[in-house]
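# Examination of the molecular architecture
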Amino acid sequence: MSIQNALTVDVEDYFQVSAFAKNVAPHDWDNFSLRVEQNTHKLLDLFDERQIKATFFVLGWVAERENSLILKIANRGHEVACHGYSHQLVYNQTPDVFRQETIRSKSLLEDIIQQPVRGYRAASYSITNRSLWALDILAEAGFDYDSSIFPVRHDRYGIPDSPEFPYVLDTPEGHKLVEFPLSTAKLMKYKLPIAGGGYFRLYPYWLSRAGLRQINRKEKPFIFYLHPWEVDPEQPRISASRLSRFRHYNNLDKCEDRLRQLTSDFQFTTVEKVLQNQGLL
Ligand SMILES: [Zn+2]
């Protein structure tokens, strides 16, 4: 029996990413032309073609402007989850601001889809040892699961020694919350982030496949993420540092083909379903 893995999309636009946060401030976002709707449709069509259901973590700012897109995601049978409101790194926010934005975004989404939103993912996986307090706020806000912790070392995110597979975590104030950490695999003696996005564009496809197969061979599900702008090689270019431009633009033209390959090599469904399969929800 092949294992069902979680396929996730972080629904935000090309100018809202952390790589460009120094170059584009949130108050400038309204000056950009939105491409998130057309790009999300590209993914929705591909998933329909493959008969795959996925989880879409939607940014509140996008939900406010693209009501019908969010409703379409839900009506096409996918899970709508929350990606916060303004895409700020959690450890740069105060708990009060984080709470306000999270609740605002969750209720925006619930008003649109008329269903409870159970899952949360922080901007750039920014729940780290500096922002564990956020887990309490998520539990208090009524989320059942989180998928924000990357068990790796990175300049912007990561809790290196945290568990690699889905588990129930105890928040600092004693709430329970299910965590689906972003997937990693051991390749060539190194623990590599293998969960998607920039890594999926950076590594040759065979390397991603080898890492993900290794997880399924342990009878464990992996979680994979992608952004709508990653299947949009034509997007307008933003001037930023060499590293930021590399992270954002590298191999954009290869991403859609690789995603097609990936969805024929592995089985996918929503995060909610995978966690239910694991007996965690
Ligand atoms: Zn994001």
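See the structure shown above.
Just so you know, these numbers come straight off a predicted model, no measurement behind them. (Residues numbered from 1 in each chain as written. Predicted model: local features only at pLDDT ≥ 70, side-chain atom pairs only at ≥ 80, totals over all residues. Heavy atoms only, no water.)

## Looking at the overall build of the chain
The cut-off we apply is this: What counts as a helix is a DSSP run of H or I of at least four residues, what counts as a strand is a run of E of at least two, and both are numbered from the N terminus. For this analysis, residues touch if any pair of their heavy atoms sits within 4.5 Å. Note on areas: Shrake-Rupley, 1.4 Å probe, and residue coverage restricted to the protein chains presented here. Only four residue types enter the tally: Lys and Arg on the positive side, Asp and Glu on the negative side, with His and both chain ends excluded. The atom standing in for a charge is NZ when the residue is Lys, CZ when it is Arg, CG when it is Asp and CD when it is Glu.
A tally of helices and strands in the chain yields 10 helices and 11 strands. Taken over the C-alpha atoms alone, the chain extends approximately 45 × 45 × 40 Å along its principal axes. The contacts in the chain between residues at least 6 apart in sequence include a share of 75% that link residues at least 24 apart. As displayed, the chain offers around 12,200 Å² of accessible surface, 47% of which is attributable to carbon and sulfur atoms. Of note, the chain has its 34 positive side-chain charges centred 8 Å away from the centre of its 35 negative side-chain charges.

## Things to note about the packing of helix H1 (residues 36-49) against helix H9 (residues 252-265)
For the record, the criterion: To obtain an axis, a line is fitted to C-alpha atoms, over the contacting stretch when the element is a helix, and the angle between two such axes runs from 0 to 180 degrees between their N-to-C directions. Comment on the angle field: the value is read as roughly parallel under 35 degrees, roughly antiparallel over 145, roughly perpendicular from 65 to 115, and oblique elsewhere. In this scheme the handedness of a crossing depends on how the near helix is turned from the far one: anticlockwise by less than a right angle means left-handed, clockwise means right-handed. Three classes are used, and their members are as follows: Ala, Val, Leu, Ile, Met, Phe, Trp, Tyr, Cys and Pro are nonpolar, Asp, Glu, Lys and Arg are charged, and the others, Gly among them, are polar.
Put simply, H1 and H9 touch, their axes get as near as 11 Å, and they point 25° apart. The angle between H1 and H9 falls in the class roughly parallel. For the element pair H1 and H9, the recorded crossing hand is right-handed. Together, Lys42, Leu43, Leu46, Phe47 and Glu49 of H1 and Glu256, Leu259 and Arg260 of H9 make up the contact between the two elements. Residue composition of the contact of H1 with H9, by class: 4 nonpolar, no polar and 4 charged.

## Topic: the environment of Asp161
With respect to the helices, strands and loops of the structure, Asp161 is situated in the loop between strand E5 (145-146) and strand E6 (167-170). Along the chain, Asp161 and Phe150 lie 11 residues apart, while their C-alpha atoms are 9.6 Å from each other.

## Regarding the environment of Arg258
Formally: Here a polar contact is taken to be a pair of N or O atoms separated by no more than 3.5 Å, where protein atoms must pair a possible hydrogen donor with a possible acceptor and residues adjacent in sequence count only if both atoms sit in side chains.
Mapped onto the elements of the fold, Arg258 is located in helix H9. As for Arg258 and Lys53, which are separated by 205 residues in sequence, their C-alpha atoms are 18 Å apart. Leaving out residues up to four positions away in the same chain, Arg258 has contacts with Phe200, Arg201, Leu202, Tyr203, Pro204, Tyr205 and Asn251. In this structure the side chain of Arg258 is engaged in a polar contact, spanning 3.0 Å, whose partner is the backbone oxygen of Tyr203.

## Observations regarding the side chain of Asp146
Position of Asp146 relative to the elements: it lies in strand E5. Setting aside chain neighbours within four positions, we find Asp146 in contact with Tyr120, Arg121, Ile127, Leu135, Leu138, Leu177, Val178, Glu179 and Phe180.

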